[in-house]
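Given next are the chains, with one letter for each unit.
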Number of protein chains: 2
Amino acid sequence: MTFVLAVDDDPAILRTLSINLRARGYDVETAGDGRSALQIIDERMPDVVILDLGLPDLDGVAVLKRLRVYTQVPVVVLSARHESDDKVEALDEGADDYVTKPFDMEELLARVRAAIRRSGGDDAPWVVESGDVRLDVRERQATRAGADVRLTPTEWHIVEVLARREGRLVRQGELLHEVWGPAYDRETNYLRVYLAQIRRKLEQDPSRPTMFITDPGIGYRLVV
Amino acid sequence: MTFVLAVDDDPAILRTLSINLRARGYDVETAGDGRSALQIIDERMPDVVILDLGLPDLDGVAVLKRLRVYTQVPVVVLSARHESDDKVEALDEGADDYVTKPFDMEELLARVRAAIRRSGGDDAPWVVESGDVRLDVRERQATRAGADVRLTPTEWHIVEVLARREGRLVRQGELLHEVWGPAYDRETNYLRVYLAQIRRKLEQDPSRPTMFITDPGIGYRLVV
DNA sequence: GCGGACGTTGACGCGTTCTTGACGGGCGGG
DNA sequence: CCCGCCCGTCAAGAACGCGTCAACGTCCGC
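Throughout this document, residue positions are counted from 1 along each chain, in the order its sequence is written. Key to labels: chains lettered from A, ligands numbered from 1, both in the order written. Confidence filtering applies because this is a predicted model: local features only for residues at pLDDT of at least 70, side-chain atom pairs given and counted only at 80 or more, and all residues used for totals across whole chains, interfaces and linings. To get the side-chain values, take all heavy atoms of the structure and skip hydrogens and water.

Per an unreviewed UniProt entry, chain A is named Response regulator transcription factor, and its organism is Aeromicrobium ginsengisoli. You can read under Subcellular location (unreviewed entry) in the UniProt record for chain A the words "Cytoplasm". UniProt positions are given in the numbering used here, feature names are shortened, and annotations may be inferred rather than shown by experiment.

**Q** Please set out the packing of helix 1 (residues 11-23) of chain A against helix 2 (residues 34-43) of chain B residue by residue, giving values where relevant.
**A** In this analysis, axes come from line fits to C-alpha atoms, helices being fitted only over the stretch in contact, and the angle between any two N-to-C directions falls in the range 0 to 180 degrees. Secondary structure counts use DSSP, requiring at least four H or I residues in a row for a helix and at least two E residues in a row for a strand, with both numbered from the N terminus. Remark: helix 1 of chain A packs on helix 2 of chain B, axes separated minimally by 9 Å, with the N-to-C direction vectors making an angle of 55°. Of the possible angle classes, the one that applies to helix 1 of chain A and helix 2 of chain B is oblique. Contact with helix 1 of chain A, carried on its side by Arg15(A), Ser18(A), Ile19(A) and Arg22(A), involves Gln39(B), Asp42(B) and Glu43(B) of helix 2 of chain B and no other residues of that element. Each residue gets one label: Ala, Val, Leu, Ile, Met, Phe, Trp, Tyr, Cys and Pro are nonpolar, Asp, Glu, Lys and Arg are charged, and the others, such as Gly, are polar. Here the residues of the contact of helix 1 of chain A with helix 2 of chain B are counted per class, giving one nonpolar, two polar and four charged. For classification, angles of less than 35 degrees are called roughly parallel, those exceeding 145 degrees roughly antiparallel, those between 65 and 115 degrees roughly perpendicular, and all remaining angles oblique. Note on definitions: a residue-residue contact is assigned when non-hydrogen atoms from the two residues lie within 4.5 Å.

**Q** Explain the pattern of salt bridges residue by residue, including any values.
**A** Residue and element names in this part refer to chain B. In the sections that follow, a salt bridge refers to a side-chain nitrogen of Lys or Arg positioned within 4 Å of a carboxyl oxygen of Asp or Glu. Scanning the model with the defined rule gives 18 salt bridges over all chains in all. Measuring nitrogen to oxygen at the nearest pair gives 3.7 Å for the salt bridge that ties Arg-35 to Asp-57. Of this pair, Arg-35 sits in helix 2 while Asp-57 sits in the loop between strand 3 (48-52) and helix 3 (60-68), and the two are 22 residues apart along the sequence. In this scheme, a residue with accessible area under 20% of its type's maximum is buried, one over 50% is exposed, and one in between is partly exposed, where area comes from a 1.4 Å probe on protein chains only. Take Asp-57: its relative accessible area is 31%, and that puts it in the partly exposed class. We note a salt bridge from Asp-205 to Arg-208, for which the minimum N-O separation is 3.4 Å.

**Q** Which residues make up the sheet that holds strand 9 (residues 147-149) of chain A, and what values do they have?
**A** All names here are of chain A. A pair of strands is treated as paired once DSSP finds two or more bridges between them. One open sheet accounts for four strands, arranged 6-7-8-9; its pairing is antiparallel. Bordering the open sheet on either side are strand 6 (127-130) and strand 9, each of which pairs with just one other strand. Here the strands of the sheet are splayed against their neighbours by 20° on average, with no regard to which way each runs. In this structure, strand 7 (residues 133-136) lies alongside strand 8 (residues 141-144), joined through four bridges in antiparallel fashion. Among the inter-strand pairings, Asp-136 is bridged to a residue of strand 8, identified as Gln-141. Sitting on the sheet, helix 8 (residues 188-202) touches strand 7, strand 8 and strand 9, and the angle it makes with strand 8 is about 50°.

**Q** Hey, could you go over the packing of aromatic side chains for me, with residue numbers and the actual values?
**A** Within 6.5 Å between ring centres, the rings of Phe, Tyr and Trp (the latter by its six-membered ring) count as paired, and their orientation is classed by plane angle as stacked under 30 degrees, edge-to-face over 60, tilted in between. Across all of its chains, the model carries six aromatic pairs over all chains by this definition. Considering the side-chain rings of Tyr184(B) and Tyr190(B), the 5.8 Å spacing of their centres and the 45° angle between planes classify their relative orientation as tilted. Look at Tyr184(B) and you get partly exposed, because its relative accessible area is 32%. Since its relative accessible area comes to 29%, Tyr190(B) is described here as partly exposed. Aromatic rings pair up to connect Trp180(A), Tyr184(A), Tyr190(A) and Tyr194(A) into one cluster. Its end group placed over the ring of Phe3(B), Arg44(B) keeps NZ or CZ at 3.7 Å from the ring centre. Each ring is checked for a lysine NZ or an arginine CZ that lies within 6 Å of its centre and within 35 degrees of its normal; such an atom marks a charge sitting over the ring.

Now the structure itself:
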């Protein structure tokens, strides 16, 4: 499993990052300051680091400098500052990419995936194929009979969770929890609506699903 | 690293648990009440939860119920109460094991290890096999001669209870209590109907059951 | 501001599942 | 031999979950 370290001084942002990354199947650890970030890197090298530049102790750039001494781990820098100085400095010091706060989660995730891919790290392309349908979770690309299929962010999120556990049962509560958050544990309505949309886009015969299977009363599973 | 969440309202106990678990190489987080426990589970799914039943806000059983909506994480329940009510209720709600305070640390650790092992760390399917029939309780998948067999939620519930005590007798009252709740202790009708359905789906010769055996007047057992 | 894409909700029909009552047969005791 | 108990079987109505549709709100790009 790909291991991601997220570093930010704002616990709310760490929490958001954590939830979204975990929902995509990453193993996540967080750090609130530069010192603990370096310690974690020292103990257990991540596959990618998400690094905020504004930290209470060491400056983000300082952290970057120090870790670049001994590792090439890809680093995606995160910052509230709009001045290009930091950006330039960070990229000079070996950052791989740069996202400005407030950031779009999907964009950040895309850049994280890209950074991991470039590093050639955990490079097993994350693909599920069934019949003429191909789902590339990492690239967020779905094709059917060679043609691109457009999925909305929420649709992707569901497909991702199911694809990550391909063939295995995912309970309704789990899906809701991962995609919509803990407050939606019982809104099975959403699942019905979205599974229908996904099937309409991906299944041969949407009324007779062969990939996105319902386990009545329990949950769903993606069968290949 | 295995991540353990310990939930108790007594800081001294949390401290003891923390020290002992960390000494064994676990990654430990603690919570003093139900709300923060659920929040931690939400943010970072533990590999095992140690849960005290007496909490200041939510009852331990309430916490258990809520987290069972969306996750199968193993839970070892901890309680100062000696009444078996809580114990039964907690186990009914999906707790994996139970330790009574004051507890022996080695015993607790052994139970935690066992819970982790049973959960398979990642995926050891909880399966019962007999002849050409295979029951995977975790994944809720039943196959017979390789072909999928569809069981309804209630049917699964019964199969699950019997499978968990594979080979041993389960009294009618226990089955009714676990599947339909305490108010149905005498509705043995239900059992007859459902056992017949289960046998029809899983037994070679439903009128001559070899797996789902009746002990007349007492209960049922699952024989492999 | 206008239109489209997307997410959220509520309603409805349909098939499945659950519940409930009734019936018959095997077995043991009176 | 008859009776009662308990189990397996069946059937029918009720309740429930799911798929589907349509309407609405919001956000964003044009």
